[in-house]
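Commentary on secondary and tertiary structure
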Amino acid sequence: CTAPSDALLVAAFEPEVNFYAERKFAAGLAFFYPGFFASPRDQELAMKRLRRQTVPLALMDVSHDQPPFERSYPQIARYLDGRYQVAGELAGDGGRVYRVLVDANAVATRSYGPLSLPCFR
């Protein structure tokens, strides 16, 4: 439900999502995992990349066994909080829960699936 030129931000250790979705890694990062690419300098670089990309959707692992994204990536979390809205949550394997975030500036063209998640193409 996104254009081939769009990127997808997956706030989790799930690099296969972008592969199967055939979408670029938002912020130039294949994954977000506590301790990796989380320094202030790394986050500044990721933010520069993110601001140049079109990223209509973001997925965030909000499972209880995961450290909060905000603690490891505060700069990126603030950006998501200020620009994205919650569209719903998806259940994953092994009890995982993924929150679907939508860029508030993106215009959906239709909805998809039983959760009526927004599509952008």
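To keep things clear, this report deals only with the structure shown in the data block.

About the criteria used
Residues numbered from 1 in each chain as written. Predicted model: local features only at pLDDT ≥ 70, side-chain atom pairs only at ≥ 80, totals over all residues. Heavy atoms only, no water. Helix = DSSP H or I, 4+ residues; strand = E, 2+ residues; numbered from the N terminus. Rg over C-alpha atoms; globule rule 2.2 N^0.38 Å. Buried < 20%, exposed > 50% of the residue type's maximum accessible area, 1.4 Å probe, protein only. Polar contact = N/O pair within 3.5 Å; in protein donor to acceptor, adjacent residues only side chain to side chain. Phe/Tyr/Trp six-rings, centres within 6.5 Å; stacked < 30°, edge-to-face > 60°. Salt bridge = Lys/Arg side-chain N within 4 Å of Asp/Glu carboxyl O. Pairing = 2+ DSSP bridges. Contact = heavy atoms within 4.5 Å. Axes fitted to C-alpha atoms, helices over the stretch in contact; angles between N-to-C directions.

**Structural notes on the overall build of the chain**
- Helix and strand counts for the chain stand at four helices and seven strands.
- Along the chain, helices (α) and strands (β) appear in the sequence β-α-β-α-β-α-α-β-β-β-β when read from the amino end.
- The C-alpha radius of gyration computed for the chain amounts to 14 Å, which stays within 12% of the reference 14 Å derived for 121 residues, consistent with globular compactness.
- Its C-alpha atoms put the chain at 40 × 35 × 25 Å along the principal axes.

**Remarks on the side chain of Asp-61**
- Among the secondary structure elements, Asp-61 is positioned in strand 3 (residues 57-61).
- Taking the relative accessible area as the measure of exposure, Asp-61 reaches 10% and is therefore buried.
- A polar atom in the side chain of Asp-61 sits 2.7 Å from the side chain of Ser-63.
- A distance of 3.1 Å separates the side chain of Asp-61 from the side chain of Arg-96, its partner in a polar contact.

**Some words on the packing of aromatic side chains**
- Taken as a whole and assessed by the stated rule, the structure comprises 10 aromatic pairs.
- Pairing Phe-69 with Tyr-73 gives two aromatic rings, centres 5.1 Å apart and planes at 25 degrees, and the pair type is stacked.
- A relative accessible area of 8% places Phe-69 in the buried class.
- One aromatic cluster is present, formed by Phe-13, Phe-31, Tyr-33, Phe-36 and Phe-37 through successive ring pairs.

**Here we look at the pattern of salt bridges**
- Scanning the model with the defined rule gives three salt bridges in all.
- Note that Asp-61 is salt-bridged to Arg-96, the shortest N-O span being 3.1 Å. One end of the pair, Asp-61, is in strand 3; the other, Arg-96, is in the loop between strand 4 (84-91) and strand 5 (97-103), and 35 residues separate them in sequence. With respect to class, Asp-61 is no different from Arg-96; both count as buried.
- Ionic pairing is found between Arg-99 and Glu-89, a salt bridge with its closest N-O pair at 2.8 Å. Note that Arg-99 is positioned in strand 5 and Glu-89 in strand 4, a separation of 10 residues in sequence.
- Judged by its relative accessible area of 28%, Arg-99 falls in the partly exposed class.

**Observations regarding the sheet that holds strand 1 (residues 7-11)**
- Spatially, five strands are ordered 2-1-3-5-4 in an open sheet, and the strand pairing comes out mixed. Edge strands, defined here as strands with exactly one partner in the open sheet, are strand 2 (24-25) and strand 4.
- Across four bridges, strand 1 lies against strand 3 in parallel orientation. Across the sheet, the residue bridging to Leu-8 is Leu-57, located in strand 3.
- Seen against the sheet, helix 4 (residues 74-83) touches strand 1, strand 3, strand 4 and strand 5 and runs at an angle of roughly 105 degrees to strand 4.

Bear in mind that shape data such as this cannot, by itself, settle questions of function.
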